[in-house]
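Summary of the model geometry
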Amino acid sequence: MADVRTARMRMSRTALLPVGLLAIGVLPLATATAWLLLLLVVPLVLGLWVLRVGVDVGPDGMTARSLAGRRLVPWAELAGVRVAEDRALWLVTTGGSEVRLPVLRARDLPRLAALTGGRIPAP
């Protein structure tokens with residue numbers, strides 16, 4: 001029987017601390033006039049970004065999640081992983097396209113290899 005669990009790799013929730021501090025800092029200015037209330041959208045979007053962006057590794061493939069959407073790369077379409085110059089990870093598909101893996105860096109490759117069950121070889 002295949003493993004039906006999905007592993008989620010997300011940004012640390014401690015990143016919400018500076019977002020909360022930003023919200024507190026913007027609050028006096030935002031309450032000055034009605035139009036400046038729009039400033040509160042910035043910490044809200046940043047908080048949603050911290051909570052949403054990441055990578056899911058499941059039985060169907062790997063899903064890269066951004067703030068606005070997601071992209072599933074099935075295991076059959078996965079050709080490999082590319083490490084960019086800035087040490088960011090990119091999934092390379094059999095079709096030649098690339099999908100950036102948000103919040104993952106080269107240092108995360110051993111953990112990613114373990115979560116994929118050998119589909120991505122350990123470095």
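Figured I'd write up the structure that's included with this text. (Residues numbered from 1 in each chain as written. Predicted model: local features only at pLDDT ≥ 70, side-chain atom pairs only at ≥ 80, totals over all residues. Heavy atoms only, no water.)

What follows concerns the nonpolar core. In terms of nonpolar packing, the biggest core is built from 17 residues, with Val-57, Met-62, Leu-91, Leu-101, Leu-104 and Leu-112 touching the most fellow members. Residue contributions to this core peak at 3 residues, all from strand 7 (residues 98-105). When sequence neighbours within four positions are dropped, the list of residues in contact with Leu-112 reads Met-9, Val-57, Met-62, Leu-89, Leu-101, Leu-104 and Ile-120. (Core = buried A, V, L, I, M, F, W, Y, C linked by side-chain atoms within 4.5 Å. Buried < 20%, exposed > 50% of the residue type's maximum accessible area, 1.4 Å probe, protein only. Helix = DSSP H or I, 4+ residues; strand = E, 2+ residues; numbered from the N terminus. Contact = heavy atoms within 4.5 Å.)

Take helix 1 (residues 16-30) next. The terminal C-alpha atoms of helix 1 lie 20 Å apart, and with 15 residues this matches the ideal 21 Å at 1.5 Å per residue to within 8%. Along its buried surface, helix 1 packs onto helix 2 (41-52). (Expected span 1.5 Å × (residues − 1).)

Along its 12 residues, helix 2 runs 16 Å from first to last C-alpha, staying within 8% of the 16 Å computed at 1.5 Å per residue. Pro-43, Gly-47 and Val-50 are the residues of helix 2 that are buried. Summarising the axial view, the buried residues of helix 2 lie within an arc of 60 degrees, below the 170-degree limit, and thus occupy one face. (Arc of directions from axis to C-beta.)

Moving on, we get to the environment of Ala-122. Locating Ala-122 in the fold gives a position in the segment after helix 3 (109-115). Residue classification places Ala-122 among the exposed residues on the basis of a relative accessible area of 57%. The spacing of Ala-122 and Leu-109 is 13 residues in sequence and 6.8 Å in space, taken between C-alpha atoms.

Here the focus is the sheet that holds strand 1 (residues 7-10). Read from one edge of the open sheet, 4 strands run 1-2-3-4, paired in antiparallel fashion. The outermost strands of the open sheet, each flanked by one partner alone, are strand 1 and strand 4 (70-74). Each adjacent strand pair in this sheet contributes to an overall mean axis angle of 15 degrees, direction not counted. The pairing of strand 2 (residues 54-57) with strand 3 (residues 61-65) spans 4 bridges and is antiparallel. When the sheet's bridge partners are listed, Val-57 is paired in strand 3 with Met-62. (Pairing = 2+ DSSP bridges. Axes fitted to C-alpha atoms, helices over the stretch in contact; angles between N-to-C directions.)

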